[in-house]
Amino acid sequence: MRIAVFVKYVPDAAGDRSFTDDNTVDRSVDGLLSELDEYAVEEALSIAEDADDAEVIAVTVGPDDAVDAVRKALQMGADSGVHVVDDSLAASDALGTSKVLAATVRKIEEEEGPVDLVVTGMASTDGSMSVVPVQVAELLGRPAATFASEVTVDGQSVKIRRDGDTASQHIEVSLPALVSVTDQINEPRYPSFKGIMAAKKKPLEEYELDDLGLDSGVAGSSGATTEVLEVTARPPRSAGEIITDEGNGGEKLVEFLAGQKLV
């Protein structure tokens with residue numbers, strides 16, 4: 001069984017995130033593997049561990065530093081990695097990224113054989129759009145089972161449980177397929193020292209768009225179907241209102257909360 005897991009290198013949420021002059025995310029700052037993708041890696045590894053003769057391939061699209069996302073997945077236990085890096089990818093939107101990821105899966109299949117399952121996080125922590133998984137599935141012509149809280153591979157099918165506010169849905173699709181997972185599905189493992197050292201010897205392929213049979217107009221700003229027209233910084237937090245208790249503090253507090261429509 002061959003499993004491809006998508007991983008994304010995103011700006012560190014604890015850092016000072018910003019936009020460039022063309023209203024795209026500034027990716028020159030420190031970054032890391034998207035937290036939500038760690039759950040996808042863990043689930044891919046768990047599925048592989050329960051299967052016979054299975055391998056996990058970590059795939060990312062992004063600038064030079066994005067390879068760190070793949071390296072983290074390799075340290076966690078993935079068998080190999082693929083990094084698609086090309087100057088023309090800058091400012092790609094969700095659809096452009098999906099086209100490149102789908103082409104990468106096809107490239108892996110040409111080079112190594114069928115990819116039975118693609119596993120992704122439910123969203124990236126920078127864009128938070130949640131559309132890439134279903135777009136990739138559509139481009140590959142495969143069923144998508146999304147927002148899984150539990151995944152079970154059974155023969156030639158994959159079953160998921162999707163938890164809602166009041167009920168759970170149980171969905172079954174045939175392989176090959178794509179599954180996106182939530183942050184409730186597992187507890188991602190920490191890379192061990194042995195895993196960190198072993199990752200240095202694992203194969204890591206690097207592709208450009210030409211290698212995938214794509215031209216520069218497919219992705220990047222020239223291929224984007226969406227555009228951010230304006231970015232406005234969030235206003236600084238204003239000082240709160242101080243209520244002095246002169247025997248009627250409770251009433252003033254209720255009046256304030258009611259005025260904010262909190263009660």
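Residues numbered from 1 in each chain as written. Predicted model: local features only at pLDDT ≥ 70, side-chain atom pairs only at ≥ 80, totals over all residues. Heavy atoms only, no water.

- Within an unreviewed UniProt entry, the label attached to the protein chain reads Electron transfer flavoprotein subunit beta, and the organism entered is Brevibacterium celere.
- Quoted verbatim from the Cofactor (unreviewed entry) field of the UniProt record, the comment on the protein chain reads "FAD".
- The Subunit (unreviewed entry) field of the UniProt record for the protein chain holds the comment "Heterodimer of an alpha and a beta subunit." (UniProt positions renumbered as here; feature names shortened; annotations may be inferred.)

### With respect to unusual backbone geometry
Here is step 1: Residue Pro 176 is reached from Leu 175 by a cis peptide bond, and omega for that bond is 0°.
Here is step 2: Note on placement: Pro 176 falls in the loop between β10 (168-174) and β11 (177-181).
Here is step 3: Of note, the phi angle at Ser 128 is positive, near 55°, even though the residue is not glycine.
Here is step 4: Position of Ser 128 among the secondary structure elements: in the loop between β6 (117-121) and α4 (132-140).
Here is step 5: Within the chain, Ser 130 stands out as a residue other than glycine whose phi angle is a positive 65°.
Here is step 6: In this structure, Ser 130 sits in the loop between β6 and α4.
Here is step 7: Assessed through its relative accessible area of 27%, Ser 130 is described here as partly exposed. (Helix = DSSP H or I, 4+ residues; strand = E, 2+ residues; numbered from the N terminus. Buried < 20%, exposed > 50% of the residue type's maximum accessible area, 1.4 Å probe, protein only.)

### Focus: α4
Here is step 1: Listed as buried for α4 are Pro 133, Val 136, Ala 137 and Leu 140. All buried residues of α4 project into a common sector of 100° when viewed along the axis, lining one side.
Here is step 2: Where α4 is buried, its residues meet β1 (2-6), α3 (94-112), β6, β7 (144-148) and β11.
Here is step 3: Phi turns positive one or two residues past the end of α4, at Gly 141, with a value near 70°. (Arc of directions from axis to C-beta. Contact = heavy atoms within 4.5 Å.)

### Here's the deal with the nonpolar core
Here is step 1: Counting 35 residues, the largest nonpolar core has Val 151, Val 179 and Val 181 as its most contacted members.
Here is step 2: Secondary structure elements with two or more residues in this core: β1, α1 (35-50), β4 (55-61), α2 (67-76), β6, β7, β9 (157-163) and β11.
Here is step 3: In terms of residue count, the dominant contributor to this core is α1 (7 residues).
Here is step 4: In this structure, Leu 89, Val 115, Leu 140 and Ala 219 belong to the second largest nonpolar core, which totals 25 residues. (Core = buried A, V, L, I, M, F, W, Y, C linked by side-chain atoms within 4.5 Å.)

### Focus: the pairing of β6
Here is step 1: Most of β6 is tucked away, with 5 of its 5 residues classed as buried.
Here is step 2: Alternating positions in β6 separate into two faces, Leu 117, Val 119 and Gly 121 on one and Val 118 and Thr 120 on the other, with burial throughout.
Here is step 3: Pairing of β1 with β6 involves 3 bridges; the strand directions are parallel. Paired with Val 5 across the two strands is Val 119, which belongs to β6.
Here is step 4: Pairing of β6 with β11 involves 5 bridges; the strand directions are parallel. If you follow Gly 121 over to β11, its bridge partner there is Val 181. (Pairing = 2+ DSSP bridges.)

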